[in-house]
Amino acid sequence: IGGVIPVVNIPGIKPGELKLNGQVLGDIYLGKITKWNDPAIKALNASLALPDAAIAPVRRADGSGTSFLFTNYLSKVNAEWKSKVGEGTAVNWPTGAGGKGN
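Residues numbered from 1 in each chain as written. Predicted model: local features only at pLDDT ≥ 70, side-chain atom pairs only at ≥ 80, totals over all residues. Heavy atoms only, no water.

Notes on a nonpolar patch on the surface
Put simply, the test is: Patches here: salt-bridge-free residues with over 30% relative accessible area, like charges joined within 9 Å, nonpolar side chains (Val, Leu, Ile, Met, Phe, Trp, Tyr) joined within 5 Å. Note on areas: these come from Shrake-Rupley sampling with a 1.4 Å probe, and a residue is covered only by the protein chains present in the view. Each salt bridge in this description consists of a side-chain nitrogen of Lys or Arg and a carboxyl oxygen of Asp or Glu lying within 4 Å of one another. Here a strand is any run of E in DSSP of at least two residues, a helix any run of H or I of at least four, and the numbering for each starts at the N terminus.
Together, Val4, Phe68 and Leu69 make up an exposed nonpolar region whose accessible area comes to about 210 Å². Its location among the elements puts Val4 in the segment before α1 (22-29).

In structure tokens:
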């Protein structure tokens, strides 16, 4: 069993402080949430001073088990992700920069 952990790098936010749920993660990767101070993220992180800065989603570009795990999770927690993108080792990502390998 493996795990996939979203990693963020936001000035002023310490490791482990930011909370994201599956709906929000799916909306980020659908391109619907584009700024760290989006109301959906702020609702989960009321005590944080989130910047008005762009989110730069990053993902695997090649087919992989990691991509399957992440897209399978997003399909379970975000209905729009499931209907528009789905799950698999290689999907048509709506947004984000792809990199080959881990």
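Section: the packing of aromatic side chains
Here the distance between the centres and the angle between the planes together describe a pair of aromatic rings. What counts, and what does not: Geometry of aromatic contacts follows a simple scheme: Phe, Tyr and Trp rings, the Trp one being its six-membered ring, pair when their centres are within 6.5 Å, and the pair is stacked under 30 degrees between planes, edge-to-face over 60, tilted otherwise. Relative accessible area decides the class of each residue, using a 1.4 Å probe on protein chains only: under 20% of the type maximum gives buried, over 50% gives exposed, and in between gives partly exposed.
Within the structure shown, the criterion is met by four aromatic pairs. Plain terms: the ring middles of Tyr29 and Phe70 are 5.3 Å apart, the flat faces sit at 80° to each other, and that makes the pair edge-to-face. Placement of the pair is Tyr29 in helix α1 and Phe70 in helix α3 (residues 65-77), with a sequence separation of 41 residues. When the ring of Trp81 is compared with that of Trp93, the centres are 5.6 Å apart and the planes differ by 55°; the resulting orientation is tilted. In this pair, Trp81 sits in helix α4 (residues 79-84) while Trp93 sits in the loop between α4 and β2 (97-99), placing the two residues twelve residues apart along the sequence. The class of Trp81 is buried, set by a relative accessible area of 0%. Residue Trp93 is classed as buried on the basis of its relative accessible area of 14%. Taken together through their ring pairs, the aromatic side chains of Tyr29, Phe70, Trp81 and Trp93 make up a single cluster.

A short note on the environment of Ser83
Tracing the backbone shows Ser83 in helix α4. Here Ser83 falls in the exposed class, since its relative accessible area comes to 61%.

What to know about the pattern of salt bridges
Throughout the structure, instances matching the rule amount to five salt bridges. We note a salt bridge from Glu80 to Lys84, for which the minimum N-O separation is 2.7 Å. You can see Glu80 and its partner Lys84 sitting in helix α4, four residues apart, about one turn around the helix. One network of salt bridges, in which partners are shared, links Asp27, Lys32, Glu80 and Lys84.

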